[in-house]
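An overview of the molecular structure
Here are the chains, one letter per residue:
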Amino acid sequence: MAEILKERSELDPQFQWDLTPMYESDAAWEAALESLDADIESLSAFAGKLSDAVTIGAYLDASTEVSRKLERLYCYASQRHDEDTRDNAAQSMYARVGSKYVKMVTALSFAQPEILSLPEDKLAAIVNDPAVAEYKFNLEDLLRSKPHTLTKAEEKLLASFGEVMSAPSEIYHNLEDADMVFDAVKNGEGETVEVTGSNFVPLEMSTDRTLRENAFHSYYKSYRQHINTMAATYAGAVKAATAEAAARAMSMAGENVPVEVYDNLVATVRKHMPAMHRYVRLRKKMLGVDALHFYDVYAPLVGDLKKTYSYETAQQMVLKAVAPLGEDYQETVRKAYAERWIDVYPNRGKRGGAYSGGCYDSNPYILLNFSGTLDSVSTLAHEMGHTIHSWRSRQHQPPQYADYTLFVAEVASTVNENLLIEQLLQNENDPQTRLYLLNQYLENFKGTVYRQTMFAEFEREAHAMVERGEALNAAALNELYKRLVMDYFGEDMVIDEEIQYEWARIPHFYRPFYVYKYATSFCAAVTLSRGILNGDKEKLAAYRRFLTLGGSMAPIEELKVAGVDMSTPKPVCDALDYFAELVMQYQNLLSEEG
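A few points on the structure. Throughout, residues of each chain are indexed from 1 in the direction in which the sequence is written. Reporting in this predicted model follows two pLDDT cut-offs: at least 70 for local features of residues, and 80 or more for side-chain atom pairs to be given and counted; totals over whole chains, interfaces and linings ignore these cut-offs and use all residues. Based on all heavy atoms of the structure, the side-chain values leave hydrogens and waters out of the count.

Per the convention used, a helix needs a DSSP run of H or I reaching at least four residues, while a strand needs a run of E reaching at least two, with both numbered from the N terminus. Helices and strands together make up the secondary structure of the protein chain, namely 25 helices and five strands. Radius of gyration: over C-alpha atoms. The globule rule applied is 2.2 Å multiplied by the number of residues raised to the 0.38 power. In terms of C-alpha radius of gyration, the protein chain reaches 24 Å, essentially the compact-globule figure of 25 Å for 594 residues. Here the C-alpha coordinates of the protein chain stretch approximately 75 × 50 × 50 Å along the principal axes. We call a residue buried when its accessible area falls under 20% of the maximum for its residue type, exposed when it is over 50%, and partly exposed in between, using a 1.4 Å probe and counting protein chains only. The buried share among the 594 residues of the protein chain stands at 54%. Working rule for contacts: check all heavy atoms of both residues, and any pair within 4.5 Å makes them a contact. The contacts of the protein chain with a sequence gap of at least 6 include a subset with a gap of at least 24, amounting to 77%. Working note: accessible area of the protein chain is about 24,700 Å², and carbon and sulfur atoms make up 51% of it. Each accessible area is a Shrake-Rupley estimate made with a 1.4 Å probe; only the visible protein chains count as cover when residues are assessed.

Set out below in structure tokens:
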């Protein structure tokens, strides 16, 4: 009988994160939450007075401190909620701190329009005044947003709708994480296997095709049963984002990244589609199937090689992989292991997937659902990349610049993944194991560049449909997604009926124009990791400098510091040329084995 997920209380606490550095207890969190209202209300004293550099500097100091308190409260509640999404007390904590966030955004809504209402010459003088020197980049970024800033009254009104506008995302996550259940299935040996949100992808990576197929049908059966609700929640999220964009006269969330970067990514990946289609044909051939289905897309191509890793082994693999980044980098990884920054194993009710979190006044934290696969090891490396990026940014930047933007967020994580796979390939002579590792590398490219760009196309078209006044119902979303799958996977893939519902399980769609950044970050990371592994000390120094920048520069400029210019198609072209090279390596190794 397959192992059944345990309750959190049944797991060894040494494999669970330690949140006490944030708050000693839930009671301490409650006391801090209660005192927050007065802090938020104190900021209203600045309203109508933001007309000189000294006052603006004082306001920015005060609001930054209150934001730090709110961030700490939010991180603790969020992580407590994610430990077990069924926990009513944690749900209440998460909801209440969300309300405080909306209250603070509303309370601060006067500041941006008030500052931007000042005469242009006065604004320019303020930006260069020593009294606001610590916020100069923030203020320059604020000036950049001036065409998209509403009046004081309009900003306050829009801020007050924050909780309502985030409702579709909350409904979706509650439905998916807490309410959706999946039928248990049989594996190839007739054993019963539980299907959950957190174990679905590991099941789809099994060498047992019967298990993969049964899990696939069970999983998407539940999505099909809820597809109209999910279409309504996603349509609500898109309409909310579109309405805000229209109000602000902007089509994408501003991150100081030209929209051409998004469009160029899609166009460049489209030009490199033949390499993806060759990989799909290779997968069909390697699996030895007459028809390649979507329950085959995660299956290891080396079907008879069963690689599993203990968590302790995974820790050492990651530590060894990041050795090229320096002993001090490794030391922080050891610190993360020793001080329980990581929540390792799945449990009933635990949020699926993985992430790196935390706040300016805490350790970074990592949520995992470790299952012993190579993908789980890669996930540990990936999230550790986020964690060290956050750790170094917080060490080198003040709170207002500590958080890096989404555009660069996936670079450090993917560099770590690439270092891991390249290190394993370099030290492996067994042909079957090399094929296994190349399979994983190719899957990383497929999943992060091609797949995320496909998601980006889906998202761009969904938003465009709303802007054109077209219905964004289940039928339209299913058809759009199915068409893109056909384009990206080509003629060698059977288009299973269930795959049209896959869009409904992608939580990042509730964070508008986010998914494309996985693809651009991966392409940047390929350039960086290959330079580091080539022993280029200047490139290593540039990358380490990048890890300290936080959000202190425009993201395109930060990547230039690292040595990558994402304003051109070159990094994407180079990465996909390397993907094609890896496909050829795989084919050549197969020929040698044959």
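Next, the rest of the story.
What follows is about the sheet that holds strand β4 (residues 355-358). Strands sit in the order β3-β5-β4 across an open sheet of three strands; the sheet is mixed. Each of the sheet's edge strands pairs with one partner strand only, and the pair in question is β3 (342-343) and β4. At least two DSSP bridges between two strands are needed for those strands to be called paired. Pairing analysis gives four bridges linking β4 to strand β5 (residues 364-367), with the strands arranged antiparallel. From the neighbouring strand, G357 faces β5, where its bridge partner is Y365.

Buried Ala, Val, Leu, Ile, Met, Phe, Trp, Tyr and Cys residues form a nonpolar core when they are joined through side-chain atoms within 4.5 Å. Formed by 142 residues in total, the largest nonpolar core has its most connected members in I342, F445, F489 and W503. Considering each element in turn, this core owes the most residues, 16 residues, to helix α20 (residues 431-467). If we ignore the near neighbours within four places in the chain, the residues touching W503 are I227, M230, A231, Y234, F458, L477, N478, Y481 and F509. C75, M93, M104 and I126 belong to the second-largest nonpolar core, a separate cluster that totals 41 residues.

Counting through the fold element by element, I40 comes out in helix α1 (residues 26-42). Accessibility expressed as a relative area gives 2% for I40, which makes it buried. Note: C-alpha distance between I40 and T106 (66 residues apart in sequence) is 9.8 Å.

Going residue by residue along β5, you find P364 and I366 tucked away on one face and Y365 and L367 tucked away on the opposite face as well. Where β3 lies against β5, two bridges are found, and the strand directions are parallel. In the sheet register, D343 faces β5, and the bridge partner there is L367. What sits between β4 and β5 in their antiparallel hairpin is a turn of five residues.

The next point concerns the packing of α20 against helix α21 (residues 474-489). Orientation of α20 relative to α21, taken along the N-to-C sense of each, is 145°, at an axis distance of 10 Å. Relative to α21, α20 is oriented so that their crossing is right-handed. Along its contact with α20, which presents Y450, R451, T453, M454, F455, E457, F458, E461, A462 and M465, the element α21 presents A476, L477, L480, Y481, L484, V485, Y488 and F489. For the contact of α20 with α21, a count of residues per class yields 14 nonpolar, one polar and three charged. Interaxial angles span 0 to 180 degrees and are taken between N-to-C directions of axes, which are lines fitted to C-alpha atoms, for helices over the stretch in contact. Here a crossing is called left-handed whenever its near helix is offset anticlockwise from the far helix by less than a right angle, and right-handed whenever the offset is clockwise. Residue type decides the class: Asp, Glu, Lys and Arg count as charged, Ala, Val, Leu, Ile, Met, Phe, Trp, Tyr, Cys and Pro as nonpolar, and the leftover types, Gly among them, as polar.

This part takes up empty space enclosed by the protein. Cavity means a closed set of points on a 1 Å grid over the protein atoms alone, one where a 1.4 Å probe fits but cannot get out, pocket means an open set with protein on both sides within 12 Å along at least 5 of 7 lines, and lining means a residue has an atom within 4 Å of a point. Grid points are joined across faces, edges and corners, and a volume is the space filled by probe spheres set on the points. Scanning all chains against the criterion turns up five cavities of 30 Å³ or more. Computed from the structure, the largest cavity encloses a volume of approximately 80 Å³. What lines the largest cavity is F200, E204, F216, Y220, F294, V297, Y298, R451, F489, I499, E502 and R505. Tallied by class, residues from the lining of the largest cavity come to eight nonpolar, no polar and four charged. Space inside the second largest cavity adds up to approximately 50 Å³. Lining the second largest cavity are V261, N264, L265, T268, T520, M566, T568, P569 and V572. Residue classes in the lining of the second largest cavity are distributed as five nonpolar, four polar and no charged.

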